[in-house]
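# Architecture and fold: a report
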Amino acid sequence: MQSFLEKTVIHLYDKYGDDISELCIVVPNRRAGLFFKNHLASVLKKTSWAPEIVATEDFIALLAELEIVDSTTLLFELYETVKLIGEKEDETFDEFSKWGQILLNDFNEIDRYLVDASQLFGNLKDIKELEAWSLNSEEKLTDFQKQYLTFWKLLGTYYTEFKNRLLQKNQAYQGLAYRIVANEIEERINKHSWKKIIFCGFNALNKAEENIIKTLLNTNKAEIIWDADSYYLDNKNQEAGRFIRKYNEQTVFKNTAERNTIFLEDLLSKKKKSITIIGIAKNVAQAKVAGNIVADLQQENNNLQNTALVLADENLLFPVLHSLPSNLADINVTMGYPLKNTPVAGYFDLILSMHENALKLSKGKTPYSYYYTDVIKLLSHPYTAVLLANSKALKSVIQIIQKRNIVFASVTTIASIFTEKFADSDFEKLQPIFKYWQNPNEGLTCIYYLINGLKTEIINNLESGDNKTNLELEYLFAFTKIIKRLDVLMQNYHTSITDLKTLKGIFNQIVRTTTLPFYGEPLMGLQVMGMLETRTLDFKNIILLSCNEDILPSAKTSNSFIPFELKRYFGLSTHSDKDAIFAYHFYRLLQRATNIYLLYNTELDALGSGEKSRFLTQLIYELPKVNPHITITEKLLNIPITKNSNEPINIIKTPEIIELLKQKAVYGFSPSLLNKYRNCSLQFYFHAIAGLKEEEEVEETIGADMLGNMVHQVLEQLYQPFIDKKITTTHIQELKKNAETAVNEAFEKEYSKSEISYGKNLLTLKVALKFIVNFLSAEIKLITDADKNSQPLIIKALEQELQTSLIINNIPVTIKGKVDRIDSLGKIIRIIDYKTGKAEEKELKIEDWDNIRTESVLAKSFQL
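All of the points below concern the structure found in this document. Position numbers for residues start from 1 in each chain and track the written sequence from start to end. pLDDT decides what is reported in this predicted model: residues at 70 or higher carry local features, side-chain atom pairs at 80 or more are listed and counted, and totals for whole chains, interfaces and linings draw on all residues regardless. For side-chain calculations, the full set of non-hydrogen atoms in the structure is used, while hydrogens and water are omitted.

### Here's the deal with the overall build of the chain
- Counting from the N terminus, the helices are the DSSP runs of H or I reaching at least four residues and the strands are the DSSP runs of E reaching at least two. From N to C terminus, the chain includes 36 helices and 22 strands.
- Two things to know: the radius of gyration comes from C-alpha atoms, and the globule rule equals 2.2 Å times the number of residues to the power 0.38. Whereas a compact globule of 864 residues would reach a radius of gyration of roughly 29 Å, the chain reaches 38 Å, over 25% beyond that.
- Seen through its C-alpha atoms, the chain measures out along the principal axes to roughly 125 × 70 × 60 Å.
- Burial classification: accessible surface area is computed with a 1.4 Å probe over protein chains only, and a residue below 20% of its type maximum counts as buried, one above 50% as exposed, and the rest as partly exposed. Here the chain, with 864 residues, has 48% of them falling under the buried criterion.
- Residue contacts follow a heavy-atom distance rule, with two residues in contact if any of their heavy atoms lie within 4.5 Å. Within the chain, residue pairs in contact and separated by at least 24 positions form 77% of the contacts whose partners lie at least 6 positions apart.
- For the chain, the exposed area adds up to about 44,400 Å²; of that, 50% sits on carbon and sulfur atoms. A 1.4 Å probe and the Shrake-Rupley method give the accessible areas. Residues count as covered only by the protein chains that appear here.

### Section: empty space enclosed by the protein
- Buried and open spaces are told apart on a 1 Å grid over the protein atoms alone, a cavity being a set of points where a 1.4 Å probe fits but cannot get out and a pocket being an open set with protein on both sides within 12 Å along at least five of seven lines. Residues with an atom within 4 Å of a point are the lining residues. Grid points are joined across faces, edges and corners, and a volume is the space filled by probe spheres set on the points. Applying the stated criterion to the full structure yields one cavity of 30 Å³ or more.
- Surrounding the largest cavity, T56, F59, I60, F199, F202, L205, E209, I212 and I213 form its lining.
- The set of elements that each furnish at least two residues to the lining of the largest cavity consists of α3 (56–64) and α10 (207–218).
- Across the lining of the largest cavity, the residue classes tally to seven nonpolar, one polar and one charged. Amino acids outside the nonpolar list (Ala, Val, Leu, Ile, Met, Phe, Trp, Tyr, Cys, Pro) and the charged list (Asp, Glu, Lys, Arg) are all regarded as polar, and Gly is one of them.

### Thoughts on helix α2 (residues 30–43)
- Working rule for helices: expected span equals 1.5 Å times residues minus one. Here α2 contains 14 residues, and its C-alpha end-to-end distance of 20 Å stays within 8% of the 20 Å for a straight helix at 1.5 Å per residue.
- All buried positions along α2 are accounted for by R31, A32, G33, F35, F36, H39 and L40.
- Tucked into the core, α2 has its buried residues touching α1 (4–16), β1 (23–27), β2 (52–55), β10 (331–333) and β15 (526–530).

### Observations concerning the nonpolar core
- Take the buried residues of types Ala, Val, Leu, Ile, Met, Phe, Trp, Tyr and Cys, join any two whose side-chain atoms come within 4.5 Å, and each joined set is a nonpolar core. Counting 108 residues, the largest nonpolar core has I433 and F434 as the members making the most contacts within it.
- Counting residues per element, this core draws most heavily on helix α24 (residues 467–492), which supplies 10 residues.
- Other than its neighbours up to four places away in sequence, F434 contacts M354, H355, Y370, V375, L378, L379, V411, I414 and F427.
- Counting residues in hydrophobic clusters, the runner-up holds 88 residues, among them V54, I197, I275 and L589.

### Quick notes on unusual backbone geometry
- At the junction of L552 and P553, the peptide bond is cis and its omega measures out at 0° in the coordinates.
- Examined against the element boundaries, P553 turns out to sit in the loop between β16 (541–545) and α26 (564–570).
- Even without being a glycine, K282 presents a positive backbone phi close to 80°.
- Along the chain, K282 falls in the loop between β8 (273–280) and α15 (283–300).
- Given a relative accessible area of 42%, K282 falls into the partly exposed group.
- Even without being glycine, E799 reaches a positive phi, approximately 50°.
- Take E799: it is sitting in strand β20 (residues 793–808).

### Here we look at the layout of surface pockets
- Of the volumes computed, that of the second largest pocket is approximately 1,400 Å³.
- If you list the elements that add at least two residues to the lining of the second largest pocket, you get α29 (655–667), α30 (671–679), α31 (681–689), α32 (704–719), β20, β21 (811–825), β22 (828–832) and α36 (859–863).
- For the lining of the second largest pocket, the leading source of residues is α32, giving eight residues.
- Classifying every residue of the lining of the second largest pocket by side-chain character gives 17 nonpolar, 14 polar and 12 charged.

### Observations regarding the pairing of β2
- Where β1 and β2 come together, four bridges link them in parallel fashion. Bridge pairing in β2 links V27 to A55.
- When the strands point away from the viewer and the connection leading from the first strand across the helix to the second strand turns clockwise, the crossover is called right-handed. Of the crossover connections in this fold, the one passing from β1 over α2 to the parallel β2 is right-handed. Two strands pair under a simple rule: DSSP has to find at least two bridges between them.

### Examining the sheet that holds strand β9 (residues 307–311)
- Spatially, β10-β15-β9-β16-β17-β8-β18 is the arrangement adopted by the seven strands of the open sheet, whose pairing is parallel. Lying at the two open borders of the sheet, with one neighbouring strand each, are β10 and β18 (630–637). Strand-to-strand, the axes of this sheet are offset by a mean angle of 15°, without reference to chain direction.
- Here β16 pairs with strand β17 (residues 595–601) via four bridges, running parallel. Lines fitted to C-alpha atoms define the axes, with helix axes restricted to the stretch in contact, and inter-axis angles between N-to-C directions lie between 0 and 180 degrees.

### Structural notes on the side chain of T764
- Among the secondary structure elements, T764 is positioned in helix α34 (residues 759–788).
- For T764, a relative accessible area of 15% puts it in the buried group.
- Ignoring any residue separated from it by four or fewer positions in sequence, one finds T764 in contact with I702 and L707.

### Quick look at the pattern of salt bridges
- Salt bridges, as used here, are contacts in which a Lys or Arg side-chain nitrogen is within 4 Å of a carboxyl oxygen on Asp or Glu. Considering all chains together, one arrives at 40 salt bridges under this definition.
- The residue K860 makes a salt bridge to E843 at a minimum N-O spacing of 2.9 Å. Within this pair, whereas K860 is found in helix α36, its partner E843 is found in the loop between β22 and α35 (851–854), the two being separated by 17 residues in sequence.
- Overall, K860 belongs to the partly exposed group, its relative accessible area being 21%.
- Several salt bridges share partner residues, and in doing so they unite K7, D227, E265, D538, R588 and R592 into one network.

### A few points about the packing of aromatic side chains
- Between rings of Phe, Tyr and Trp, where Trp is taken as its six-membered ring, a pair exists when centres lie within 6.5 Å; planes separated by under 30 degrees are stacked, by over 60 edge-to-face, and by other angles tilted. The tally for this structure, following the rule as stated, stands at 46 aromatic pairs.
- Measuring from ring centre to ring centre gives 5.6 Å for F775 and Y834, while their planes differ by 85°; the resulting arrangement is edge-to-face. Of this pair, F775 sits in helix α34 while Y834 sits in the loop between β22 and α35; the two residues are 59 residues apart in sequence, bridging distant segments of the chain.
- Grouped by ring-pair contacts, the aromatic residues F76, Y79, F93, F96, W99, Y148, F151, W152, Y158, Y493 and F561 constitute a single cluster.
- A ring is scored as having a charge over it whenever the NZ atom of a lysine or the CZ atom of an arginine sits within 6 Å of its centre and within 35 degrees of its normal. Here the guanidinium or amino end of R821 rests over the ring plane of Y719, the centre of that ring lying 5.0 Å away.

### Thoughts on α30
- What α30 keeps buried is the set L673, N675 and R678.
- Looking at the buried side of α30, the elements it contacts are α29, α31, α35 and α36.

### Focus on the packing of helix α17 (residues 343–361) against helix α18 (residues 372–380)
- The contact between α17 and α18 brings their axes to 10 Å, and the two run at 155°. In terms of orientation, α17 and α18 fall into the roughly antiparallel class. Where α17 crosses over α18, the handedness of that crossing is left-handed. Contacts between α17 and α18 involve Y347, L350, I351, S353, M354 and N357 from the first element and D374, V375, K377 and L378 from the second.
- Of the residues contributing to the contact of α17 with α18, the split by class is six nonpolar, two polar and two charged. Just so you know how the angles are binned, under 35 degrees is roughly parallel, over 145 roughly antiparallel, 65 to 115 roughly perpendicular, and the rest oblique. Working rule for handedness: look at the near helix, and if it is turned counterclockwise from the far one by less than a right angle, call the crossing left-handed; if clockwise, right-handed.

### Regarding the environment of Q399
- Within the secondary structure, Q399 is located in helix α20 (residues 391–403).
- Along the backbone, Q399 and F162 are 237 residues apart, and their C-alpha atoms lie at a distance of 55 Å.

### Here we look at the sheet that holds β20
- With respect to topology, four strands assemble into an open sheet ordered β19-β20-β21-β22, the strand pairing being antiparallel. Strand pairing shows two members of the sheet lacking a second neighbour, β19 (726–727) and β22, which therefore form its edges.
- The sheet contact formed by β21 and β22 spans five bridges and is antiparallel. Paired with S824 across the bridge in β22 is I829.
- With respect to the sheet, α32 is in contact with β19, β20 and β21, its orientation differing from that of β20 by roughly 120°.
- Running at roughly 70° to β21, α34 makes contact with β19, β20, β21 and β22 of the sheet.

### Observations concerning the side chain of Q250
- Residue position: Q250 is located in the loop between α12 (242–248) and α13 (251–254).
- As used in this structure description, the phrase polar contact means that two N or O atoms lie within 3.5 Å; if the pair is within protein, one of them must be able to donate a hydrogen and the other to accept it, and residues adjacent in sequence are counted only when both atoms belong to side chains. A polar atom in the side chain of Q250 sits 2.9 Å from the side chain of K214.

### Quick look at a nonpolar patch on the surface
- Judged by side-chain polarity, I649, I651, F686 and L692 come together as a nonpolar surface patch covering roughly 360 Å² of accessible area.
- Along the chain, the position of I651 falls in the loop between β18 and α29.
- Judged by relative accessible area, I651 falls into the partly exposed class, the value being 35%. Like charges within 9 Å and nonpolar side chains (Val, Leu, Ile, Met, Phe, Trp, Tyr) within 5 Å are joined into patches, using only residues over 30% in relative accessible area that form no salt bridge.

By themselves these figures say nothing about function.
The structure is reproduced here in structure tokens:
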């Protein structure tokens with residue numbers, strides 16, 4: 001079966017013959033132009049000049065004779081315009097960019113649909129005044145309401161001044177170029193020597209495109225070729241045919257076959273088709289199923305040139321590529337790989353974030369200190385290891401930061417840690433990263449330094465045929481272009497980019513909109529593409545992923561200052577128009593296909609609604625009624641869950657383990673270690689025998705164990721002078737006076753003053769002081785009661801190490817530990833274990849001595 005572009009080529013060749021080289025063919029996108037050229041080559045009977053084949057946007061740019069400016073530059077130009085007008089001169093670029101991009105989109109739409117901007121913005125101002133009930137009188141309005149209304153009043157001025165500013169520089173945004181060409185189409189088209197302009201494969205036209213095509217049709221300088229199916233064109237309830245129906249009702253479009261051609265077929269109503277609708281949980285599972293379908297199609301037919309794998313959600317690109325059969329000979333990916341998903345993008349964002357966080361925490365003052373999590377992330381990153389070529393140094397520095405509990409690290413601190421164990425040259429390579437950035441230029445210089453440093457190290461270690469390394473160099477090349485672009489922006493708009501936050505925002509914006517192109521033979525093998533790339537193209541086999549509501553069609557988002565009713569009145573595109581456009585793309589894609597696989601995500605989560613697209617429901621319930629040759633199969637796929645066997649972990653006491661146990665016995669078992677054995681023998685093995693320990697981490701806030709240690713240290717320090725002396729209430733009163741100083745000194749040994757002077761750490765310090773004061777108050781009461789009974793309190797020992805040796809089964813066993821305090825109260829010797837945590841009576845009351853060995857609830861008593 002002939003595709004739409006094949007039929008178009010044959011139609012044009014039959015009609016214009018050798019004069020086809022004098023035509024200008026305008027298609028919706030560049031991909032369509034490539035396929036058109038390929039079909040044309042197969043039809044031509046002799047060597048000929050090809051006609052000019054251009055995508056719509058390129059056609060408009062060609063006629064407009066203006067430089068179409070990128071979105072980032074447009075945002076800066078709009079910001080400069082807003083500042084000149086004067087109402088927003090105090091607003092930073094970062095604040096402006098949050099609403100400036102929305103305004104740019106609105107300006108673009110207004111011009112593409114040839115709307116009278118002054119009338120629209122005048123109406124918008126009136127609506128906002130009515131909402132605020134000002135009715136042109138601002139006497140009773142608050143200052144905030146006045147500022148709010150001023151913003152809406154100035155939108156029209158922003159539009160006019162922004163447009164004039166660009167035109168003075170011979171520049172334009174896409175919508176402005178459309179308006180200029182639409183208003184002067186006859187004059188501009190006469191500058192070119194095309195015999196005729198052919199518009200083919202269009203569906204929904206904006207007002208500017210409509211005016212351009214109408215004018216050219218009326219002057220017999222153009223022809224338009226539509227592609228449609230009677231299934232959705234003749235049925236007025238089918239939104240897919242809405243726009244073509246609308247145009248064909250207009251005289252200019254349906255006037256004569258000479259200038260208006262519709263390839264109207266009834267393929268959806270009559271052609272035999274196999275449609276398989278597959279629901280499966282999660283997006284990655286969709287990618288895996290798509291890979292299996294491709295493998296099956298490959299077995300049936302080695303040539304997959306007539307197969308398209310279409311991604312309604314383009315985020316599935318890499319999961320899909322990783323799921324395709326490894327023996328796939330040819331594959332063409334029409335969309336680029338988003339640069340934001342590369343590891344290099346994450347690395348540079350991490351560095352910018354580290355400096356931004358440091359500035360934020362220091363309230364903009366320099367020199368600033370870096371937050372430990374940012375530093376550890378940076379030092380743990382593979383690219384830092386590549387740059388330094390010494391991963392051992394990095395690991396040691398991280399361990400020191402964790403061990404010393406450094407929450408905020410200055411450049412001096414980081415440098416001293418490096419030079420403490422390693423050569424100065426190790427830190428010199430990283431110094432630009434940790435240097436204090438006085439202005440955004442220094443941030444840009446640092447990234448440029450990193451790109452060159454990484455490139456040098458990667459090239460030095462490059463192995464022949466190392467695709468991974470070649471890919472990393474490709475990433476770095478893309479970022480080199482971005483840095484050069486940012487450098488130009490910094491020079492042209494230096495008054496706008498004044499801080500690091502703004503630089504980071506612009507950097508991330510450019511990265512988000514940049515893609516890395518895939519290189520390959522575009523006309524060979526499996527075609528992997530997005531939904532919009534399928535325009536005018538036809539395939540026998542279609543695999544369409546993410547057929548979910550809010551993806552196909554897209555969600556009804558309103559990223560605009562213009563309300564829906566105003567959009568509808570002025571003829572601007574609304575969400576219902578977008579739904580009709582998506583419907584056309586969907587049905588046109590299925591039109592000439594034979595084997596169709598439609599996959600959707602059944603899982604309800606943040607990335608998808610879990611509801612299949614309304615288009616699938618329409619297919620299931622409507623298409624079989626008109627086409628008896630349609631076979632629709634619905635499937636719900638489940639991923640089999642393998643049950644984990646909950647078999648207990650058994651460690652056999654091998655001779656080696658027995659030997660380790662004997663060594664441990666000679667060295668000594670502590671009460672806490674024996675408690676660990678009582679609680680879980682496996683835990684005892686991992687800790688005492690295997691030597692596995694939790695990784696040390698920086699404690700940003702003081703933990704419960706550290707609180708306990710501090711209380712122990714303070715009590716030892718306070719009571720130390722009174723060992724072997726009778727303690728009186730006067731002594732304790734004196735200790736209470738010294739308690740706060742002792743607590744502060746103990747904490748300052750582990751933490752800096754700044755770390756314990758605010759927040760949770762300060763609260764923890766106060767809790768420790770409260771514990772000690774309460775304990776001393778209890779001591780006073782104890783001594784007072786004891787004195788009445790002539791029972792003096794005498795401290796015998798503090799933090800006393802005790803040890804004894806036993807012989808068990810002819811094996812020497814050492815039991816050792818540290819007692820917090822031993823004292824005598826009259827004739828009673830007391831062994832005391834301090835506990836800062838909660839201790840209930842049931843944990844301390846022993847009814848049967850045999851229970852102390854087995855009952856986990858008696859852990860504290862066992863330890864004592």
